[in-house]
Amino acid sequence: SLPLESLRAASDKHPKPAHLHFQYGTAGFRTLGSTLDSVTFKVGVIAALRSKKLDGKTIGVMVTASHNPEPDNGVKLVDPRGEMLEASWEGYATTLANTSSTEEFLDALDQFVKTLRIDLSKPSRVVYGRDTRPSGPALVAALEDGLSAIGAEIRDAGVTTTPILHYLVRASNYKGTKDSYGEDSSEGYYEKLSSAFKKLVAGKSALPPLIVDCANGVGAQAVAEFSKILGDKLKLIPVNDDLSTPGALNNACGADFVKTSQKIPPSLTSVLKPGQRACSLDGDADRLIYYYLDERGQFHLLDGDKIAALVAAFIVELVKNAGLEHEIRVGIVQTAYANGGSTKYLSQRLPVKCVATGVKHLHHAAEHYDIGVYFEANGHGTVLFSSDTLKTLAEHQPSTPAQSTALGHLTNLTQLINQTVGDALSDLLLVEVVLAHKSYSGFEWDSLYVDLPNRLVKVAAPRHLFKTEDAERRLVSPPGLQAKIDELVRRYEAGRSFVRPSGTEDVVRVYAEAMVRAQADELAFRVAGLVY
Ligand code: NG1
Ligand code: ZN
């Protein structure tokens, strides 16, 4: 049965703030860090129970608020394969997080264990990590209180990137099996990716150095590690790698800043030379955005859509060169935020599916392809190889040296790419491999297709009133609003606009694109006017 005494004592130390409602959303619980103590404690208990439910498999917990402002924080659970928490548990987590007293929490917990028939005699194992936010250590202490109240076997991964935490979960659960994912340590992660990268660029001339904006977050740590191991193979120049100045995290830098404001971080002004490529990570290093300035000083964004196009084209070419185009079907998954230019370009070449915002939707849709490439426009994404594809790659007998080379590259890509979740560092190495193979600069990469001018705005409207359908591309509520949006959109050449409630912030988002900049801006602001 549940260790009620230790749970009661621990729960009393972590009372829920009255009047606050918590919701396990697309990125777990996420809000002001100072309000998350009780939630994080309860997540510790839930993580341990999820592990018991899954026969002692290792569950992950990551404390981060990613690209959001430094005072925010968040906590999310990672399932045994390194994936997002199974959807049905999101609701249980929300219910438990909102219990308002220790007695209510214990009752709900007891009910929960009974309903799900969790065998409490099973072991529980949990690995956890956090980003660099100042509220992190106290939240981790609350998490540990929850874990030890149940008696979980714990492992503290310390300050680490979100994708490394996902890697550790997968590696620990598949250790010593035929599906082994690499050595179960952060060193194992760096080693796995670096050695695949070295094999993939062997014989290629080294690219010019790459500027990496680390968002003043934990990505700086990973960039430093890769720099050490990769040496001359890839020269990384870290900027915004200050982990000690309060308030610096994600402030006027990082992937979200660049994507949203469509300009370089001010801190790069004196560093970035025309034609030189640069990239930005976000606060927990699971998003990546590239860009460059042309000779006229004009900014060119190479976002998640451009990364998807670059990577998918390269993989399709390798599959063909390996003689596997009839066995392996490559497909793309996007959300409504994908630029219309990218959707047009990709749909002419590959199957493209549009799903609702949120990594879990993209990830699951990508699993339906033999090789599924998914990226959100904001730079979060990865590539999934199905188990049949891995088998095909292992067993295929190439009939020419060229086929053998292509097959080798594909196999190395399966090692380079972090298939558990979007990973800024793994994606960075992947992009650099393709650029080296194609001898592309930012300019040639950018020329794959032309982005439609677009604008994303936030509106402070009551988001619970907004309900969507068709992969969030149309509103069903408030009634009548979609018809008004349609009416506006018709007046703009290549106009497209949609409205959806954010899953991570208390706002409604409005996206618009059109043939020319001024029209995209105007459409966005007029639709926002309808919403407000
Ligand atoms: P919301 O707040 O639901 O729009 C944002 C991103 C998502 C996803 C999540 C999780 C946009 C427009 N939205 O979600 O794509 O990355 O955060 O971090 O970029
Ligand atoms: Zn992130």
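Remember, it's a predicted structure, so these values are computed and weren't measured experimentally. Just so you know, the residues in each chain are numbered from 1, in the order the chain's sequence is written. The naming scheme follows written order: chains are lettered A onward, ligands numbered 1 onward. Only residues with pLDDT of at least 70 get local features here, since the model is predicted, and only at 80 or more are side-chain atom pairs given and counted; chain-wide, interface and lining totals rely on the full set of residues.

Inspection of the region around ligand 1 gives 13 residues, with Ala-27, Asn-378, Ser-502, Gly-503 and Thr-504 positioned closest. For the shell around ligand 1, a count of residues per class yields 2 nonpolar, 8 polar and 3 charged. Each residue gets a C-beta atom placed from its backbone. Should that atom fall within 6 Å of a molecule or strand, the residue is termed near it. Classification used: nonpolar for Ala, Val, Leu, Ile, Met, Phe, Trp, Tyr, Cys and Pro, charged for Asp, Glu, Lys and Arg, polar for all others including Gly.

Moving on, we get to the nonpolar core. Only buried residues count toward a nonpolar core: Ala, Val, Leu, Ile, Met, Phe, Trp, Tyr and Cys, linked into one set through C-beta atoms within 7 Å. Working definition of burial: number of other C-beta atoms within 10 Å of the residue's own, with buried at 20 or more, exposed at 12 or fewer, and partly exposed in between, all C-beta atoms being placed from the backbone. Counting 130 residues, the largest nonpolar core has Leu-143, Val-311, Val-373 and Leu-416 as its most contacted members. Counting residues in each nonpolar core, the second largest holds 21 residues, with Ala-338, Leu-475, Ile-485 and Phe-498 among its members.

This paragraph deals with the packing of helix H10 (residues 304-321) against helix H14 (residues 401-416). Running from N to C, H10 and H14 point in directions that differ by 140°, and their axes come no closer than 8 Å. Considered as vectors, H10 and H14 are oriented oblique to each other. Crossing of H10 against H14: the hand is left-handed. Residues Leu-318, Val-319 and Asn-321 of H10 form the contact with H14, whose participating residues are Ala-402, Gln-403, Ala-406, His-409 and Leu-410. When grouped by side-chain class, the residues that make up the contact of H10 with H14 number 5 nonpolar, 3 polar and no charged. Only C-alpha atoms enter the line fits that serve as axes; for helices the fit covers just the stretch in contact. Angles between N-to-C directions range over 0 to 180 degrees. Numbering of helices and strands runs from the N terminus; a helix is a DSSP stretch of H or I covering at least four residues, while a strand is a stretch of E covering at least two. Here the word oblique covers every angle except those under 35 degrees (roughly parallel), over 145 (roughly antiparallel) and from 65 to 115 (roughly perpendicular). For any helix crossing, the convention is left-handed if the near helix is rotated counterclockwise from the far helix by under a right angle, and right-handed if that rotation is clockwise. Residues are treated as contacting if the C-beta atoms built from their backbones sit within 7 Å of each other.

A few words now on the confidence of the model for the chain. Across the chain, the average pLDDT comes to 97, with 100% of residues at or above 70. The ipTM, which scores confidence in the relative placement of chains, is 0.98 for this predicted complex, and the corresponding pTM is 0.97. Known as pLDDT, the predictor's confidence for each residue is given on a scale from 0 to 100.

The subject of this paragraph is the UniProt feature "binding site: substrate" (unreviewed entry) in the chain. UniProt positions are given in the numbering used here, feature names are shortened, and annotations may be inferred rather than shown by experiment. According to UniProt, the "binding site: substrate" (unreviewed entry) feature falls on Glu-376, Ala-377, Asn-378, Arg-500, Pro-501, Ser-502, Gly-503, Thr-504 and Arg-509. Locating Arg-500 in the fold gives a position in strand E18 (residues 496-501). You can call Arg-500 buried: it has 23 C-beta atoms within 10 Å. Setting aside its immediate chain neighbours within four residues, Arg-500 contacts Thr-357, Phe-466, Thr-468, Glu-472 and Arg-509. Mapped onto the fold, Arg-509 is located in strand E19 (residues 508-513). Excluding residues that lie within four positions of it along the chain, Arg-509 makes contacts with Leu-456, Lys-458, Arg-500 and Ser-502.

A few words now on the domain arrangement of the chain. Where each domain begins and ends is defined by an automated method or by a domain database. Domain parsing of the chain yields domain 1 (4-159), domain 2 (187-300), domain 3 (304-424 + 433-446) and domain 4 (454-531). Summarising the inter-unit geometry, the C-alpha centres of domain 2 and domain 3 are found 22 Å apart. Each partner contributes to the interface: domain 2 provides 24 residues, whereas domain 3 provides 18 residues. Looking at the side of domain 2 that touches domain 3, the elements that each hand over two or more residues are helix H7 (186-201), helix H9 (254-261) and strand E9 (288-293). The biggest single contributor to the side of domain 2 that touches domain 3 is H7, with 7 residues.

Take the sheet that holds strand E15 (residues 454-459) next. Only strands joined by at least two bridges in the DSSP assignment are considered to pair. Taken together, the 3 strands give an open sheet; going across it, the order is E15-E19-E18, and neighbouring strands pair in antiparallel fashion. Strands with a single pairing partner mark the edges of an open sheet, and in this sheet they are E15 and E18. On average, each strand axis in the sheet is tilted by 15° relative to the strand beside it, whichever way the strands run. Bridging between E18 and E19 involves 6 bridges; their strand directions are antiparallel. Bridge assignment links Phe-498 to a residue of E19, and that residue is Tyr-511. Where helix H18 (residues 517-531) meets the sheet, it contacts E15, E18 and E19, and its direction lies at approximately 150° from that of E19.

Right, let's get into the pairing of strand E6 (residues 210-213). Side chains of E6 alternate between two faces, with Leu-210 and Val-212 and Ile-211 and Asp-213 buried alike. Where E6 meets strand E7 (residues 236-239), 4 bridges bridge the pair, whose relative direction is parallel. Each bridged residue has a counterpart across the sheet, and for Leu-210 the counterpart in E7 is Leu-236. Seen with the strands pointing away from the viewer, any crossover whose path from the first strand over the helix to the second strand runs clockwise is right-handed. Read as a crossover between parallel neighbours, the route from E6 over helix H8 (residues 219-230) to E7 is right-handed. Pairing analysis gives 3 bridges linking E6 to strand E8 (residues 278-281), with the strands arranged parallel. Its bridge partner lying in E8, Val-212 is registered against Cys-279.

Bringing the UniProt feature "domain: Alpha-D-phosphohexomutase alpha/beta/alpha" (unreviewed entry) in the chain into the picture now. Sequence positions flagged by UniProt for "domain: Alpha-D-phosphohexomutase alpha/beta/alpha" (unreviewed entry) are, in local numbering, residues 58-87 and 105-176. The annotated region residues 58-87 carries 3% helix and 43% strand content, and the separation between its end C-alpha atoms amounts to 18 Å. Secondary structure content for residues 105-176 is 53% helix and 18% strand, and the end C-alpha separation is 38 Å.

Taken across its 8 residues, H9 has 6 buried, putting it largely inside the fold. Those residues of H9 that sit buried are Gly-254, Ala-255, Asp-256, Phe-257, Val-258 and Lys-259. Those residues of H9 that are buried lie in contact with E6, E8 and E9. Directly after H9, the chain includes Gln-262, whose backbone phi takes a positive value near 55°.

Expected helix span is given by 1.5 Å per residue-to-residue step, counting one fewer step than there are residues. An ideal rise of 1.5 Å per residue puts 26 Å on 18 residues; H10 measures up with 26 Å between its terminal C-alpha atoms. Within H10, 13 of the 18 residues are buried, leaving the element largely enclosed by the surrounding structure. Two residues or fewer after H10 comes Gly-323, characterised by a positive phi angle close to 75°.

Covered by surrounding structure in E8 are Ala-278 and Ser-280 together with Cys-279 and Leu-281, the residues of both alternating faces. Judged from the 4 bridges that link them, E8 and E9 form a sheet pairing that is antiparallel. If you follow Ala-278 over to E9, its bridge partner there is Tyr-291. Connecting E8 to the next strand, E9, in antiparallel fashion are 6 residues, including Ala-285 with a positive phi near 65°.

The subject of this paragraph is the environment of Ser-447. Along the polypeptide, Ser-447 turns up in the loop between helix H16 (442-446) and E15. When the C-alpha positions of Ser-447 and Lys-306 are compared, they lie 9.7 Å apart, and in sequence the two are 141 residues distant.

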